[in-house]
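The primary structure of each chain is shown beneath.
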Amino acid sequence: MKSALVCGGGGFIGSHLVKRLKSEGFWVRAVDMKFPEFSETHADDFVVGDLREQQVCDRVIDRGFTEVYQLAADMGGAGYIFTGEHDADIMHNSATINLNVADRCMKRNIKRVFYSSSACMYPAYNQENPDDPKCSEDSAYPAAPDSEYGWEKLFSERLFLAYNRNHGMSNRVARYHNIFGPEGTWTGGKEKAPAAICRKVAYAKNGGEIEIWGDGLQTRSFLYIDECLEGTIRLTRSGFEGPVNIGSQEMVTINRLVDMVSEIAGKTIHKNHISGPTGVRGRNSDNRLIEQKLGWKPTKSLYAGLEKTYEWIERQIGRNVPEASKA
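Student: Looking at this structure, I do not really get unusual backbone geometry. What am I missing?
Tutor: Both trends apply: most residues other than glycine have a negative phi, and most peptide bonds are in trans. Of the consecutive residues Y141 and P142, the connecting peptide bond is found in the cis state with omega at 0 degrees. With respect to the helices and strands, P142 occurs in the loop between β5 (113-118) and α5 (148-167). For the peptide bond that leads from G242 to P243, omega is 0 degrees, which places it in the cis range. Relative to the helices and strands, P243 resides in the loop between α7 (225-236) and β11 (244-246). A positive phi is found at E183, a non-glycine position, where the angle reads about 75 degrees. Of note, E183 is situated in the loop between β7 (179-180) and α6 (193-203). By relative accessible area, E183 is classed as buried at 18%.

Student: Mind showing me how you'd approach the packing of helix α4 (residues 87-107) against α5 here?
Tutor: Here α4 crosses α5 at 15 degrees, and the two axes come no closer than 9 Å. Relative to α5, the element α4 lies roughly parallel. The two elements α4 and α5 cross, and the hand of that crossing is right-handed. Two secondary-structure elements touch here, α4 through D87, I90, M91, S94, A95, N98, L99, A102, D103 and M106 and α5 through E148, Y149, W151, E152, F155, S156, L159, F160, Y163 and H167. Class assignment for the residues of the contact of α4 with α5 results in twelve nonpolar, four polar and four charged.

Thresholds, definitions, all that
Residues numbered from 1 in each chain as written. Predicted model: local features only at pLDDT ≥ 70, side-chain atom pairs only at ≥ 80, totals over all residues. Heavy atoms only, no water. Helix = DSSP H or I, 4+ residues; strand = E, 2+ residues; numbered from the N terminus. Buried < 20%, exposed > 50% of the residue type's maximum accessible area, 1.4 Å probe, protein only. Axes fitted to C-alpha atoms, helices over the stretch in contact; angles between N-to-C directions. Parallel < 35°, antiparallel > 145°, perpendicular 65-115°, else oblique. Left-handed = near helix turned anticlockwise from the far one by under 90°. Contact = heavy atoms within 4.5 Å. Nonpolar A, V, L, I, M, F, W, Y, C, P; charged D, E, K, R; others polar.

The values reported here are purely geometric and, on their own, carry no functional implication.
In structure tokens:
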């Protein structure tokens, strides 16, 4: 029977990935420090444990797996990774997890691990123009990420690829671009822009206003969760090691993102621009390489994904979820 290990299986992408692998007939073990927050896990075996601890890695990587997905990381949205207050924790926690997982998989003779890197590893100097950011895979060097989160991602990319060269592994590396969708973090400070804006608009009255960090002219692209899973699985099972972008090329300003969510909600919403962490001025996935190597690129529109995400967040608010008392 096909088997898979999902590290970070209690998180947003990980829990969706577990569900996808189960639908394909895999026996799935997931490991995370917590169970999925918004639904029951679909994993056959869910281990609550901290992958920074070597004994936890030994416990969960106790056999060969058909596929291993390493998604576990210390992460969050701009309010978490760009303030500078969590830099040491982010670098230490994520690097320790990746060092442990890579080495344990090698010693178990597991040949292929998928590693989820991030577009945050791209140089800040190529993302100063919001209308024309450069995020092709070959633009990664000279390295100059805009956050310590990005530096750690770049280090860990090199770690998994070094294990390919030195230990005969066939690890795969993808650079995720702003993945969003239902069952993602939507409040508490670690949520990303689509979820944060959906939450704010859902709480706001028609004709009211919401706060936006910066002038709202910074640009991004956002990829719906189902597309992320498809790209992840295709890369893992392909003959291409990466790194490769997994993201959307539908770039929008944050102001436009607010307008789209407002339209979905059927509300007129005014924007109150305030100071806050905004990251780079522009970022957009460049999908030429993934289309060339895998014959695939995302097709779902941002608007369609936002419709599903807004509907889900609105339901969460209606259930009076704790800590969701303010926008």
